[in-house]
Amino acid sequence: MILPSTMSYRLSDSQLASHITLHQLQVFAVAARHLSYTRAAEELFLTQPTVSMQIKHLTKAIGMPLFEQVGKKLFLTRAGDDLFITCQEIFERISQFEMNVADMKGLKRGFLKIAIVTTAKYVIPRLLGSFCKSYPGVEISLQVTNHSGILERLTENKDDLYILSDVPNEPDVKSHPFLFNPLVVLANHDHPLAKERNIPIQKLAELPFITREAGSGTRGFVQKLFDTYKIMPKVKMELGSNEAIKQAIAGGLGISILSRHTIALEGASGQIAVLDVEHFPIPCHWYVIHLANKQLSVVAQTFLEYLQTEGKQIAEDTSW
Ligand code: PGA
C-alpha cells in the first residue's frame, strides 16, 4: 500500500515512539481521567506502585512532568494535558481499527457509546436489547441526561451517537430523524378536563403546572408553544425527572407536558390521562446525531441503521 505523502513517515522520525509503550500510555490515560494513581490501579487491576512506576518511565522518556501535586490533589501539567488528548486520539483510532478488523472477519464486535435524552429512555433500552441479541459481541455504554447534558457531551466528543429532539443548528453536526416524539398534556385520570374535547390552549394557564428543569429539551418546546400563544403557566413545581412528574400528576399536584412515550407502558388504563388540548401534540421527532467529522465505527453505523429501521416499525405499530 502506498501512503499519501503527508502520511509517509518512518517510525524512526519519532524519538519518543521507541522509548514509550502503549501500556504506559494506557496507564497514564486512566490516571489522568481519575486524577488519581490509586483509582487508576483499581480500574486496571494493578498495584499502585506499578502505576506509579509506569508513569515515572513515561515522564522520564518525555522529559517533562505530566502531573503535579498541589496539597492532596493531583493535576495534569500542560504536557500531561496534551498527552491525555493525544492518548484519547490514539486509543480511539486503535478501537476503530479493532472494529474494522472484526468487521472484515464478519463479526460485529466492539464498543458503542450512546447518550440519550431522558424521554428516549422509554424506547432505546428495549431496542438495545434486541440489537445486543443480534450482535452479542457488542458492549454498550448508555448515558441518560437532559438536552443540555447531551450538547455538553457532544461538544466533548464523549460518545458515538446521541439521541435528542432539538437538533443543534450547527454545520458540524449530522442528524438522522428516527422516531415521532409527540409532546402531550398529561393530567390525573380523574381530572375534570379528562373527558373534554378540544380544550382551548388558554385553559392551561389556569391549571397548576409541573415543569421540567432548565436545560430540558421538553421544557424548551413547551416554552416555545407557550410564547406563541402568550400562555403564562402557573408553575407549581419544577422536577428534573419524567417519572417524578408522572408521580406528581398521579398524586393530583397538577398537569404537565411530556413525551407521549413516557406513558406508553401504562397505556390508557393507567392513572394518567392525555388531555385533548388544541395545538397538541407538539410534533417533535427524535434524531440520532453525531459529529459530522467523526468517522463512525462499523458498530455505530450498524446501530444507526438499526434504529432507523426499528423507528419505522414502531411508528407503524403505534396507534397515536
Ligand atoms: P429532555 O429532552 O429529556 O431534555 O426534556 C427531550 C428531547 O430532546 O426529546
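Residues numbered from 1 in each chain as written. Predicted model: local features only at pLDDT ≥ 70, side-chain atom pairs only at ≥ 80, totals over all residues. Heavy atoms only, no water.

What to know about the overall build of the protein chain
Within the protein chain one finds 9 helices and 11 strands. Since a compact globule built from 320 residues should have a radius of gyration of about 20 Å, the 25 Å found for the protein chain marks it as more spread out than a globular shape. Over its C-alpha atoms, taken along the principal directions, the protein chain stretches across nearly 75 × 50 × 35 Å. Looking at the protein chain as a whole, 41% of its 320 residues are labelled buried. Partitioning the contacts of the protein chain with sequence separation of at least 6, the portion at a separation of at least 24 is 77%. Of the roughly 18200 Å² that the protein chain leaves accessible, carbon and sulfur atoms contribute 55%. For the protein chain, the separation between the mean place of its 32 positive charges and that of its 32 negative charges on side chains is 3 Å. (Helix = DSSP H or I, 4+ residues; strand = E, 2+ residues; numbered from the N terminus. Rg over C-alpha atoms; globule rule 2.2 N^0.38 Å. Buried < 20%, exposed > 50% of the residue type's maximum accessible area, 1.4 Å probe, protein only. Contact = heavy atoms within 4.5 Å. Areas by Shrake-Rupley, 256 points an atom, 1.4 Å probe, with all protein chains shown as cover. Lys, Arg positive; Asp, Glu negative; His and termini not counted. Charge placed at Lys NZ, Arg CZ, Asp CG, Glu CD.)

So, the site of the ligand
Surveying the vicinity of the ligand reveals 13 residues, the closest of which are Thr 118, His 147, Ser 165, Gly 217 and Thr 218. Within the side chain of Thr 119, one N or O atom sits 3.4 Å away from an oxygen atom of the ligand. With respect to the ligand, the side chain of Trp 286 contributes an N or O atom lying 3.4 Å from an oxygen atom. Contact with the protein chains hides 99% of the accessible area of the ligand, taken as 280 Å² for the molecule alone. A breakdown of the residues in the shell around the ligand according to their chemical character gives 3 nonpolar, 9 polar and 1 charged. (Near = heavy atom within 4 Å. Polar contact = N/O pair within 3.5 Å; in protein donor to acceptor, adjacent residues only side chain to side chain. Nonpolar A, V, L, I, M, F, W, Y, C, P; charged D, E, K, R; others polar.)

Examining the packing of helix α1 (residues 22-34) against helix α4 (residues 78-104)
Close contact between α1 and α4 brings their axes to 9 Å; oriented N to C, the two are set at 120°. Read as a crossing pair, α1 and α4 show a hand that is left-handed. In this structure, α1 contributes Leu 22, Leu 25, Gln 26, Phe 28, Ala 29, Ala 32 and Arg 33 to the contact, and α4 contributes Gly 80, Leu 83, Phe 84, Cys 87, Ile 90, Phe 91 and Ile 94. Looking at the contact of α1 with α4, its residues break down into 11 nonpolar, 2 polar and 1 charged. (Axes fitted to C-alpha atoms, helices over the stretch in contact; angles between N-to-C directions. Left-handed = near helix turned anticlockwise from the far one by under 90°.)

Thoughts on the packing of aromatic side chains
Counting across every chain of the model gives 8 aromatic pairs. Summarising the aromatic geometry, the rings of Phe 131 and Tyr 135 are spaced 4.9 Å apart at their centres and angled 55° between planes, so their arrangement reads as tilted. Taking the relative accessible area as the measure of exposure, Phe 131 reaches 1% and is therefore buried. For Tyr 135, a relative accessible area of 24% puts it in the partly exposed group. Ring centres of Phe 131 and Phe 303 lie 4.9 Å apart, and the angle between their planes is 70°; on these two criteria the pair is classed as edge-to-face. Of this pair, Phe 131 sits in helix α5 (residues 124-134) while Phe 303 sits in helix α9 (residues 298-317); the two residues are 172 residues apart in sequence, bridging distant segments of the chain. According to the relative accessible area criterion, Phe 303 is buried, its value standing at 0%. An aromatic cluster is present here, built from Phe 131, Tyr 135, Phe 303 and Tyr 306 joined pairwise through their rings. (Phe/Tyr/Trp six-rings, centres within 6.5 Å; stacked < 30°, edge-to-face > 60°.)

With respect to unusual backbone geometry
Residues other than glycine predominantly adopt negative phi, and peptide bonds predominantly adopt the trans conformation. Pro 281 follows Phe 280 through a cis peptide bond whose omega is 0°. Inspection of the secondary structure assignment puts Pro 281 in the loop between β10 (272-275) and β11 (282-291). In this structure, Lys 230 takes a positive phi of about 55° despite not being glycine. Along the chain, the position of Lys 230 falls in the loop between α7 (217-228) and β8 (234-239). Phi angles above zero are rare outside glycine, and His 279 is one such case at about 70°. Judged by relative accessible area, which is 38%, His 279 ranks as partly exposed.

Re the nonpolar core
Within soluble globular proteins, side chains that are nonpolar generally end up buried alongside one another. Leu 112, Ile 124, Leu 161, Ile 163, Phe 178 and Phe 303 are the most contacted members of the largest nonpolar core, which has 33 residues in total. Where this core is concerned, the elements lending two or more residues are β3 (110-117), α5, α6 (147-155), β5 (161-164), β6 (173-188), β11 and α9. Broken down by element, the residue count for this core peaks at 6 residues, all from α9. Aside from chain neighbours lying at most four places away, what touches Ile 124 is Ile 116, Leu 142, Ile 163, Phe 178 and Leu 307. In terms of nonpolar packing, the next biggest core, distinct from the first, is built from 23 residues, Val 185, Ile 199, Phe 209 and Phe 221 among them. (Core = buried A, V, L, I, M, F, W, Y, C linked by side-chain atoms within 4.5 Å.)

Examining the confidence of the model for the protein chain
Across the protein chain, the average pLDDT comes to 92, with 95% of residues at 70 or higher. Note that residues 1-7 has pLDDT below 50 and, in this model, 1 contact with residues that lie over four places away or in other chains. (pLDDT = per-residue confidence, 0-100.)

Here's the deal with the environment of Gln 48
Structurally, the position occupied by Gln 48 is in helix α3 (residues 48-62). As a C-alpha pair, Gln 48 and Thr 38 span 10 residues in sequence and 5.6 Å in three-dimensional space.

Examining the side chain of His 261
Relative to the assigned elements, His 261 resides in the loop between β9 (255-259) and β10. Leave out the neighbours within four places in its chain, and His 261 touches Tyr 122, Val 123, Leu 179, Phe 180, Asn 181, Pro 182, Trp 286 and Trp 320.

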